[in-house]
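Architecture at a glance
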Amino acid sequence: MLTNKEDINPERIKTVPVVLPGLNNRNIRIDMLRTDLIHPVVSGNKWFKLQYYLTAAREQGIRHLVTFGGAWSNHIHASAAAAALYDFSITGIIRGEQAPLLSPTLQDALSMGMELRFISRTAYRNKELPAELNNRNFLLIPEGGYGTAGARGAALLTDYCTAHAYTHICCAVGTGTMMAGLMNQSGPMQQVIGISSQKNNLNLEKAVTALLKNPQQQPLLLHDYHFGGYASHTPELIRFMNLFYEQTGIPTDIVYTGKLCFAVTALLEKNYFPPGSNILLIHSGGLQGNRSLQKGTLIF
Ligand SMILES: *Cc1c(COP(=O)(O)O)cnc(C)c1O
């Protein structure tokens, strides 16, 4: 599915105004950084988070990568794409039994040359590596690209917009790596707001803080917009995503950016943002995961 390097093109990233009927009053401006535009299905956020891991591998002369993820993982998908484009071989260690039919995510990964190894959920939780890797030289990329290298990579997103011009930067949060990268780039008068996709993951504050250049900074994480949890969504979220698309022409994903846009809309309705706010939403990609929905669920 990915045939040449031109398929992934960060030059396509742009900032677009988001106009929501009735919500841009009170002199509030909303823009969205469309990192989803780098590729139709490779997640922008994951692509940037991978960059310094790839640099490290190259510097150490390592040609093989190993990483972890689930059957619908944006990280597995983007890692396979990055490995293919930069001539690394890669093993994806996948959570759980192999299903009779591979998910489109794993089919893509396979067709981009990733070796897939399925391990039990228990082995996955313990991040056990298959024995066949014992005598191979490889770079291990943490699940979701979490780590300081990932945060540095995510910070590159701000090169594609005038990030300093915003009073608030809102992003979706999984591991917290992107949020940490954005906080590391933010100025003292800016507020980075993270919308967690997970239910009650109260370790997130610590996970974000561990990646901050200035550990005195307090992450502002909102935990009320998970729609049942990381892998969950509700008819209300689907309705919202379709409405948001009708109003803005912007497609969102069910795991991260749909929840982010729902949260920001809810906050606007509650007058959370003071008049004069200039808000940047990060569209981090993830659209490939929508393929887990029944056809016709989304109008885009
Ligand atoms: C992984 C992902 C996130 C979350 O990023 P973290 O750095 O793990 O917090 C947000 N949006 C999309 C589309 C993602 O794929």
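Refer to the structure printed above.
Fair warning: this is a prediction, and the values are worked out from it, not measured in the lab.

1. Details of the packing of helix H1 (residues 44-59) against helix H2 (residues 74-85)
Between H1 and H2, whose axes approach to 9 Å, the crossing angle comes to 50 degrees. Considering the angle they form, H1 stands oblique to H2. Seen along the crossing, H1 lies across H2 with a hand that is right-handed. Contacts between H1 and H2 involve Lys46, Trp47, Leu50 and Leu54 from the first element and Asn74, His75, Ala78, Ser79, Ala81, Ala82 and Leu85 from the second. Classifying every residue of the contact of H1 with H2 by side-chain character gives seven nonpolar, three polar and one charged.

2. Regarding the pattern of salt bridges
Should their charged atoms come close, side chains of opposite charge can pair. A complete count under the given rule lists seven salt bridges for this structure. In this structure, the salt-bridge partner of Glu132 is Arg117, at a minimum N-O distance of 2.8 Å. With Glu132 in the loop between helix H4 (121-125) and strand S6 (139-141) and Arg117 in strand S5 (residues 115-119), this residue pair connects regions lying 15 residues apart in the sequence. Shared partners join several salt bridges into a network, and the residues in it are Glu115, Arg117, Glu132 and Arg136.

3. Details of the sheet that holds strand S1 (residues 14-17)
Overall, mixed pairing links the six strands, which are arranged S1-S2-S10-S7-S8-S9 in an open sheet. Either end of the sheet is taken by a strand with one partner, and the two such strands are S1 and strand S9 (220-222). Taking the axes of each pair of neighbouring strands and ignoring which way they run, one obtains an average angle of 25 degrees across the sheet. With six bridges connecting them, strand S7 (residues 168-173) and strand S8 (residues 191-196) associate as parallel partners. By the bridge assignment for S8, His168 is matched with Gln191.

4. Remarks on the packing of aromatic side chains
Within this structure, the stated rule accounts for 10 aromatic pairs. With 5.7 Å between their ring centres and 85 degrees between their planes, Phe68 and Tyr124 make a pair best called edge-to-face. With Phe68 in strand S3 (residues 64-69) and Tyr124 in helix H4, this pair connects stretches of sequence that are 56 residues apart. Judged by relative accessible area, which is 3%, Tyr124 ranks as buried.

5. Examining the sheet that holds S6
Across the sheet, four strands lie side by side as S5-S4-S3-S6; this open sheet has parallel pairing. Across the chains shown, the open sheet's two edge strands, defined by having one partner strand only, are S5 and S6. Across this sheet, the average inter-strand angle for adjacent strands is 20 degrees, counted without regard to direction. Of the pairings in the sheet, the one linking S3 to strand S4 (residues 89-95) comprises six bridges and is parallel in character.

How each quantity is defined
Residues numbered from 1 in each chain as written. Predicted model: local features only at pLDDT ≥ 70, side-chain atom pairs only at ≥ 80, totals over all residues. Heavy atoms only, no water. Axes fitted to C-alpha atoms, helices over the stretch in contact; angles between N-to-C directions. Helix = DSSP H or I, 4+ residues; strand = E, 2+ residues; numbered from the N terminus. Parallel < 35°, antiparallel > 145°, perpendicular 65-115°, else oblique. Left-handed = near helix turned anticlockwise from the far one by under 90°. Contact = heavy atoms within 4.5 Å. Nonpolar A, V, L, I, M, F, W, Y, C, P; charged D, E, K, R; others polar. Salt bridge = Lys/Arg side-chain N within 4 Å of Asp/Glu carboxyl O. Pairing = 2+ DSSP bridges. Phe/Tyr/Trp six-rings, centres within 6.5 Å; stacked < 30°, edge-to-face > 60°. Buried < 20%, exposed > 50% of the residue type's maximum accessible area, 1.4 Å probe, protein only.

On their own, these measurements won't tell you what the molecule is for.
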